[in-house]
Every structure is written in structure tokens, then in C-alpha cells.
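Spelled out, the chains give:
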Amino acid sequence: MNFVDLSGKRVLVVGMARSGAAAAKSLIKQNARVVICDRKPENELGALVQELKDLGAAVVAGGYPEVG
């Protein structure tokens, strides 16, 4: 199989539900620079926010980042 080298690549994951969190964790293991966002505020997302931050993800909660 051919895999893309994601080391150092910036990746945006939209949504912190199970699949979004799993995707973010997998991307972090591949040394990608991950930003994960969700429309819910941090206090509604619980411990997952800190877990993803501890793994190295940048977390944007309470909305989605503007594209510019």
C-alpha cells in the first residue's frame, strides 16, 4: 500500500465525536500537526479536549475557525 507521509503536515479535523477524535489521534501518531474543532464549547466536550491537547493537537471549541 502507498501511504502519504503526513509528518509535519497541517491537518484540520472537523468534529470531536468518536470518529473525529479517533482520526485526530491517528494523525498525531503519524506526526501530523493537527487542529481539531467542534461547535460545542470546551466544557461540553469534557476530558477529550485535554486529552487531545496533551497529545499535541490544537483544539478550537465553540465554533469553527475562519478560513481566510
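Now for a look at the structure at hand.

The phi angle of most residues is negative, glycine excepted, and most peptide bonds adopt the trans form. Its identity is not glycine, yet Asn31 carries a phi of approximately 65 degrees, on the positive side. Position of Asn31 relative to the elements: it lies in the loop between α1 (18-29) and β2 (33-38).

Ordered in space as β1-β2-β3, the three strands form an open sheet in which the pairing is parallel. Unpaired on one side and paired on the other, β1 (10-14) and β3 (58-61) mark the two borders of the sheet. The average undirected angle you get between the axes of adjacent strands in this sheet is 20 degrees. As paired elements, β1 and β2 share five bridges and run parallel to each other. Each bridged residue has a counterpart across the sheet, and for Arg10 the counterpart in β2 is Arg33. Each of β1 and β2 touches α1; the most contacted strand, β2, lies at about 170 degrees to it.

What follows deals with the pattern of salt bridges. One side chain can pair with another of opposite charge once the charged atoms of both are near each other. Counted according to the given criterion, the structure contains two salt bridges. The closest approach of N and O atoms between Lys25 and Glu51, which form a salt bridge, is 2.8 Å. One end of the pair, Lys25, is in helix α1; the other, Glu51, is in helix α3 (residues 47-55), and 26 residues separate them in sequence. Using a relative accessible area of 36% as the deciding quantity, one classes Glu51 as partly exposed. Here Lys53 and Glu42 are joined by a salt bridge, their closest N and O atoms 3.3 Å apart. Here the residue Lys53 occupies a position in helix α3, and Glu42 occupies one in helix α2 (residues 42-45), the gap between them amounting to eleven residues. Residue Lys53 is classed as partly exposed on the basis of its relative accessible area, which comes to 34%. For Glu42, a relative accessible area of 37% puts it in the partly exposed group.

Cut-off values and rules
- Residues numbered from 1 in each chain as written.
- Predicted model: local features only at pLDDT ≥ 70, side-chain atom pairs only at ≥ 80, totals over all residues.
- Heavy atoms only, no water.
- Helix = DSSP H or I, 4+ residues; strand = E, 2+ residues; numbered from the N terminus.
- Pairing = 2+ DSSP bridges.
- Axes fitted to C-alpha atoms, helices over the stretch in contact; angles between N-to-C directions.
- Contact = heavy atoms within 4.5 Å.
- Salt bridge = Lys/Arg side-chain N within 4 Å of Asp/Glu carboxyl O.
- Buried < 20%, exposed > 50% of the residue type's maximum accessible area, 1.4 Å probe, protein only.

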